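Understanding the architecture of this molecule
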Amino acid sequence: MATSEDEKQEAKKDPRIEGIAASIRVVPNFPKPGIMFQDITTLLLDPKAFKNTVDLFVERYTGKDISVVAGIEARGFIFGPPIALAIGAKFIPLRKPRKLPGEVISEEYVLEYGTDCLEMHVGAVKPGERALVVDDLVATGGTLCAAINLLERAGAEVVECACVIELPELKGRERLNGKPLYILVESR
């Protein structure tokens, strides 16, 4: 089940959310005309907003028996490691093809303009481990779905997906087959 409306309202009441939302720059027509790019680099330049972002996720996942935080390349690598360290979990990078040495397990997924693939080291996840998937943004949900499938094929139980930003008009949440999604802000 997805994050409930009550949880969304509760999160919006947290005064840190406003600062996080205000620190995200919107860049019109990037990388192509019609796209309103949600730029988190400005959030990273604001130590308070960056810390509050990580803290909100850590507060949510502390004590939830999560042993794996899987970050999606590349911006999931920014938020995933500090969350993993704070909750006592290992961090697993989910990478684009041919970026990991050694044996990998792969999951292809469809994009608007073609296909892509995520890879993870074989043996990075043990059957039964409880996993959290982290990325900066959910749009159509294709990348999150691929991450969920990859981890579940390896035997993990994906507990939830966590993103800083959601583009609700693209309905990515609906593609997650009922897997919970926690977000901090909706796109502006």
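Relevant structure appears above.
Residues numbered from 1 in each chain as written. Predicted model: local features only at pLDDT ≥ 70, side-chain atom pairs only at ≥ 80, totals over all residues. Heavy atoms only, no water.

**Describing the overall build of the protein chain**
A tally of helices and strands in the protein chain yields six helices and nine strands. In terms of C-alpha radius of gyration, the protein chain reaches 16 Å, essentially the compact-globule figure of 16 Å for 188 residues. When its C-alpha atoms are laid out on the principal axes, the protein chain stretches across 40 × 40 × 30 Å. The proportion of buried residues among the 188 residues of the protein chain is 47%. Sequence-distant contacts in the protein chain: of pairs separated by 6 or more residues, those separated by 24 or more amount to 60%. Between the mean site of the 24 positive side-chain charges and the mean site of the 28 negative ones, the protein chain shows a separation of 2 Å. (Helix = DSSP H or I, 4+ residues; strand = E, 2+ residues; numbered from the N terminus. Rg over C-alpha atoms; globule rule 2.2 N^0.38 Å. Buried < 20%, exposed > 50% of the residue type's maximum accessible area, 1.4 Å probe, protein only. Contact = heavy atoms within 4.5 Å. Lys, Arg positive; Asp, Glu negative; His and termini not counted. Charge placed at Lys NZ, Arg CZ, Asp CG, Glu CD.)

**Some words on the state of the cysteines**
Applying the stated rule across the entire model yields zero disulfides. Unpaired in terms of disulfides, C117 finds its nearest cysteine sulfur in C145, a separation of 15 Å. With no disulfide of its own, C163 lies closest to C161 among cysteine sulfurs, the gap being 6.7 Å. (Disulfide = S-S within 2.5 Å.)

**A word on the nonpolar core**
Grouped together as the largest cluster of nonpolar side chains are 29 residues, with contacts concentrated most on L94, L118, M120, V133, L144, L151 and L181. Elements that contribute at least two residues to this core include exactly β3 (68–72), β4 (90–94), β5 (104–111), β6 (114–121), β7 (130–138), α6 (142–153), β8 (157–166) and β9 (181–186). Looking at which element gives the most residues to this core, the answer is α6, with seven residues. If near-sequence neighbours (up to four positions away) are discounted, L144 is found in contact with I72, V133, V138, C161, C163, L176 and L181. In this structure, I20, V69, A84 and Y182 belong to the second largest nonpolar core, which totals 27 residues. (Core = buried A, V, L, I, M, F, W, Y, C linked by side-chain atoms within 4.5 Å.)

**Let's talk about the packing of aromatic side chains**
Under the definition given, this model contains five aromatic pairs. Taking 5.2 Å as the distance between ring centres and 85 degrees as the angle between the ring planes, the aromatic pair formed by F30 and F37 counts as edge-to-face. Using a relative accessible area of 43% as the deciding quantity, one classes F30 as partly exposed. Considering the side-chain rings of F77 and F91, the 6.0 Å spacing of their centres and the 90 degrees angle between planes classify their relative orientation as edge-to-face. Within this pair, whereas F77 is found in helix α5 (residues 76–87), its partner F91 is found in strand β4, the two being separated by 14 residues in sequence. Classification of F91 as partly exposed rests on a relative accessible area of 26%. Ring pairs connect the aromatic residues F57, Y61 and Y182, which therefore count as one cluster. (Phe/Tyr/Trp six-rings, centres within 6.5 Å; stacked < 30°, edge-to-face > 60°.)

**Topic: the packing of helix α4 (residues 47–61) against α5**
It is the contact of α4 with α5, at a shortest axis distance of 9 Å, that shows an interaxial angle of 50 degrees. Here α5 runs oblique to α4, going by the angle between their axes. The crossing of α4 and α5 is right-handed. The segment α4 lies against α5, with F50, T53, V54, F57, V58 and Y61 engaging I78, F79, P82, I83, A86 and I87. (Axes fitted to C-alpha atoms, helices over the stretch in contact; angles between N-to-C directions. Parallel < 35°, antiparallel > 145°, perpendicular 65-115°, else oblique. Left-handed = near helix turned anticlockwise from the far one by under 90°.)

**Points about the sheet that holds β3**
In sheet architecture, strand pairing relies on hydrogen bonds along the backbone and comes in two forms, parallel and antiparallel. The sheet built from five strands is open, its strands ordered β4-β3-β7-β8-β9 with parallel pairing. On the outer flanks of this sheet lie β4 and β9, each paired with one strand and no other. This sheet shows a mean twist of 20 degrees between the axes of neighbouring strands, independent of strand direction. In this sheet, β4 lies alongside β3 in parallel orientation, the contact comprising five bridges. By the bridge assignment for β4, V68 is matched with K90. Set on the sheet, helix α2 (residues 15–23) makes contact with β8 and β9; between it and β9 the angle comes to about 65 degrees. (Pairing = 2+ DSSP bridges.)

Interpretation in functional terms is not warranted from these geometric data alone.
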